[in-house]
Amino acid sequence: MVASFFAEVAGHCGRHESVYFPLLSVVLGLLCVALAWWVSCRLARHLPGSLASLRSRPAGMVLGVVCLVWSAHHACVMLEGDLARFHSYVWLLVPVVAVLSWFFLDFLLARAAGGFFILCANVLVYGAFVHDIPWRPWYSVVCLALGVLGLFAVGAPWHIRALLQTAAKRPARAWAGSVVLVIFAATLMALPLLARR
């Protein structure tokens, strides 16, 4: 039942991809704008709270469940033919992994945000080619850069903490990071709206 519900949701998104692709790109772009503002204007004054938020379990669990469901859908797409019998096990793993993550993973919000960046990068690079947006190589580089940042957040979130600490102590680096994030945001929000398909 759960698998069929998410299969129907995925089918709906597939039929309306021309809407969901730019929407997801704009959402990720707005997230980059918010991060740029936080790093440039608030980080130095609120460093302890910012570092503590990387470990937030409630927020990390909410975003993490979204990422787990999204990942389970992708896993089910790959399990075709005789392997389709494992779909129910994949969906069963979603709540199991969520509960285990709550109890055994540190930096839960940082890891969940990293997973979200990775999943978005995957979908957006694919969508950029499907919809034939202009400046696809540059758009792909932006998505892949955010995806690599997501990989660091998932696998080594203490590097994200160290990056924030460095940015808080060195305003020039904070501003440079903010400028890069704003350029990424402009790319993500503008180019999908110019799609040729």
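In short, a report on the structure.

Details of the overall build of the protein chain
Inference 1: Along the protein chain, the regular secondary structure elements total nine helices and zero strands.
Inference 2: Overall, the protein chain shows an N-to-C arrangement of helices and strands of α-α-α-α-α-α-α-α-α.
Inference 3: Within the protein chain, the fraction of its 197 residues that count as buried is 36%.
Inference 4: The contacts of the protein chain with a sequence gap of at least 6 include a subset with a gap of at least 24, amounting to 82%.
Inference 5: In the structure as shown, the protein chain presents an accessible area of about 11300 Å², 75% of it carried by carbon and sulfur atoms.

Points about the nonpolar core
Inference 1: Core analysis: the biggest nonpolar cluster contains 25 residues, and Leu28, Leu124, Tyr139, Leu146 and Leu188 have the highest contact counts within it.
Inference 2: Contributions of two or more residues to this core are made by α2 (17-42), α4 (57-78), α6 (108-130), α7 (136-155) and α9 (171-190).
Inference 3: Top contributing element to this core by residue count: α6, with eight residues.
Inference 4: Those residues within four positions of Leu146 in sequence are excluded, and the remaining contacts are Leu28, Cys32, Phe117, Phe184 and Leu188.
Inference 5: Val39, Leu47, Phe107 and Leu164 belong to the second largest nonpolar core, which has 13 residues in total.

Brief notes about helix α8 (residues 157-169)
Inference 1: Over its 13 residues, α8 extends 19 Å from the first C-alpha to the last, a length consistent with the 18 Å expected when each residue adds 1.5 Å.
Inference 2: For α8, the set of buried residues is Pro157, Ile160, Leu164, Ala167 and Ala168. Seen along its axis, α8 keeps its buried residues to an arc of 100°; they face one direction.

A word on α9
Inference 1: Over its 20 residues, α9 runs 28 Å from end to end, which matches the ideal 28 Å to within 8%, given 1.5 Å per residue.
Inference 2: For α9, the set of buried residues is Ala174, Ser178, Leu181, Phe184, Ala185, Thr187 and Leu188.

What to know about the pattern of salt bridges
Inference 1: By the definition in use, this model includes two salt bridges.
Inference 2: A salt bridge links Arg55 to Asp106; the shortest N-O distance between them is 3.0 Å. Here Arg55, found in the loop between α3 (47-53) and α4, pairs with Asp106, found in the loop between α5 (87-104) and α6; they are 51 residues apart in sequence, far enough to count as distant.
Inference 3: Asp132 is the salt-bridge partner of Arg136, the closest N and O atoms lying 3.7 Å from each other.
Inference 4: Using a relative accessible area of 16% as the deciding quantity, one classes Asp132 as buried.

Details of the environment of Phe86
Inference 1: As for its position among the elements, Phe86 is in the loop between α4 and α5.
Inference 2: Separated by ten residues in the primary sequence, Phe86 and Cys76 place their C-alpha atoms 8.0 Å from one another.

Some words on unusual backbone geometry
Inference 1: Its identity is not glycine, yet Asp132 carries a phi of approximately 50°, on the positive side.
Inference 2: Here Asp132 is to be found in the loop between α6 and α7.

So, the packing of α4 against α5
Inference 1: Two numbers describe how α4 lies on α5: the axes approach to 10 Å, and their chain directions differ by 160°. On the basis of the axis angle, α4 is roughly antiparallel to α5. When you trace α4 past α5, the crossing you get is right-handed. Here α4 contributes Arg57, Pro58, Met61, Val65, Leu68, Val69, Ala72, His73, Ala75 and Cys76 to the contact with α5, which in turn contributes His87, Val90, Trp91, Val94, Val97, Ala98, Ser101, Trp102 and Phe103.

What to know about the packing of aromatic side chains
Inference 1: Under the definition given, this model contains five aromatic pairs.
Inference 2: Between the aromatic rings of Phe21 and Tyr139, the centroid separation amounts to 6.3 Å while the plane-to-plane angle is 70°, which identifies the pairing as edge-to-face. Note that Phe21 is positioned in helix α2 and Tyr139 in helix α7, a separation of 118 residues in sequence.
Inference 3: Relative accessible area serves as the criterion here: at 0%, Tyr139 is assigned to the buried category.

Some words on a nonpolar patch on the surface
Inference 1: On the surface, Leu83, Phe86, Tyr89, Leu92, Leu93, Val96, Val97, Val99, Leu100, Trp102, Phe103 and Phe104 cluster together into a nonpolar patch covering about 1200 Å² of accessible area.
Inference 2: Looking at the secondary structure, you find Tyr89 in helix α5.

Rules of the game
- Residues numbered from 1 in each chain as written.
- Predicted model: local features only at pLDDT ≥ 70, side-chain atom pairs only at ≥ 80, totals over all residues.
- Heavy atoms only, no water.
- Helix = DSSP H or I, 4+ residues; strand = E, 2+ residues; numbered from the N terminus.
- Buried < 20%, exposed > 50% of the residue type's maximum accessible area, 1.4 Å probe, protein only.
- Contact = heavy atoms within 4.5 Å.
- Areas by Shrake-Rupley, 256 points an atom, 1.4 Å probe, with all protein chains shown as cover.
- Core = buried A, V, L, I, M, F, W, Y, C linked by side-chain atoms within 4.5 Å.
- Expected span 1.5 Å × (residues − 1).
- Arc of directions from axis to C-beta.
- Salt bridge = Lys/Arg side-chain N within 4 Å of Asp/Glu carboxyl O.
- Axes fitted to C-alpha atoms, helices over the stretch in contact; angles between N-to-C directions.
- Parallel < 35°, antiparallel > 145°, perpendicular 65-115°, else oblique.
- Left-handed = near helix turned anticlockwise from the far one by under 90°.
- Phe/Tyr/Trp six-rings, centres within 6.5 Å; stacked < 30°, edge-to-face > 60°.
- Patch = residues over 30% accessible without salt bridge, like charges linked within 9 Å, V, L, I, M, F, W, Y side chains within 5 Å.

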